[in-house]
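Results of the structural survey
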Amino acid sequence: DTAVSQTPKYLVTQMGNDKSIKCEQNLGHDTMYWYKQDSKKFLKIMFSYNNKELIINETVPNRFSPKSPDKAHLNLHINSLELGDSAVYFCASSLTNGRGGDTQYFGPGTRLTVL
Amino acid sequence: GQNIDQPTEMTATEGAIVQINCTYQTSGFNGLFWYQQHAGEAPTFLSYNVLDGLEEKGRFSSFLRRSKGYSYLLLKELQMKDSASYLCAVIGYSTLTFGKGTMLLVSP
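So, here's what we can say about the structure.

Conventions used here
One numbering rule holds for all chains: residues counted from 1, following each sequence as written. Both sets of labels track the order of writing: A upward for chains, 1 upward for ligands. Reporting in this predicted model follows two pLDDT cut-offs: at least 70 for local features of residues, and 80 or more for side-chain atom pairs to be given and counted; totals over whole chains, interfaces and linings ignore these cut-offs and use all residues. Excluding hydrogens and water, the side-chain figures rest on all heavy atoms present in the structure. Any two strands between which DSSP finds at least two bridges are classified as paired. Each helix corresponds to a stretch of at least 4 residues labelled H or I by DSSP, and each strand to a stretch of at least 2 residues labelled E; elements are numbered beginning at the N terminus. Note on geometry: axes are lines fitted to C-alpha atoms, helical ones only across the stretch in contact, with angles between N-to-C directions running from 0 to 180 degrees. With a 1.4 Å probe rolled over the protein chains alone, any residue whose accessible area is under 20% of its type maximum counts as buried; one over 50% counts as exposed, and the rest are partly exposed. We define a polar contact as two N or O atoms separated by no more than 3.5 Å, with the added condition that, inside protein, one atom must be a possible hydrogen donor and the other a possible acceptor, whereas residues neighbouring each other in sequence contribute only through side-chain atom pairs. Any two residues whose heavy atoms approach within 4.5 Å are treated as being in contact.

All names here are of chain A. In space, the four strands of this open sheet follow the order 1-3-8-7, with antiparallel pairing throughout. A single partner strand is all that each edge strand has here, and the edge strands are strand 1 (4–7) and strand 7 (64–70). Averaged over all adjacent pairs, the angle separating strand axes in this sheet is 20 degrees, with direction ignored. Sheet topology places strand 7 next to strand 8 (residues 73–78); five bridges connect them, and they run antiparallel. Each residue of the ladder has a partner; that of Phe64, found in strand 8, is Ile78.

As structure tokens, then:
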């Protein structure tokens, strides 16, 4: 019944490693997003995909690469993890591209800790 | 660029009314959201405004005045469970930008 799910919920890893976070939505939405929330609770959009196509790509290091195998999935792969990547990463989805005021539904978040 | 300002913290007592303000300067405007986020949880949708005026939904109301770049969220009959962070977010031409959130603490 979970609308937007993310795995894993917690991820602890060493600097320099490569890791992936998976996101799936079963709402039939066309658009999915990745957000980063830092220790100061500032929520910032990273990427947005509409029907598997990238529509928003904010200033994010190219170590972060989103992959959308189909419109129900948007995974986030991070290469060469750095200490500053420690944050909570939220996946979200909306019916269309959000500009019409579509509600964004958020996943539970993945807390990434880089040691 | 996008700039969204909200107070960092507010306190109020149970049963009271509180107004959380949000001012914004953005490239384009296609609407404004309010989200609630409890500690350790994901944001949840509260309201959406695209036209000027007041939108009421139960104990929560949201107001927008586009010419002033201004919105507020009004919470009535405060309950302890309303203690949370309240995020203002604006849809510009191509993106959704969140403010840093207002941490509301409701005391007995």
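As a further point, take the side chain of Arg63 of chain A. Residue and element names in this part refer to chain A. Within the secondary structure, Arg63 is located in the loop between strand 6 (53–57) and strand 7. Look at Arg63 and you get buried, because its relative accessible area is 12%. A distance of 2.8 Å separates a polar atom in the side chain of Arg63 from a polar atom in the side chain of Asp85. Those residues in contact with Arg63 that lie beyond four places of it in its chain are His77, Ile78, Asn79, Ser80, Leu81, Glu82 and Asp85.

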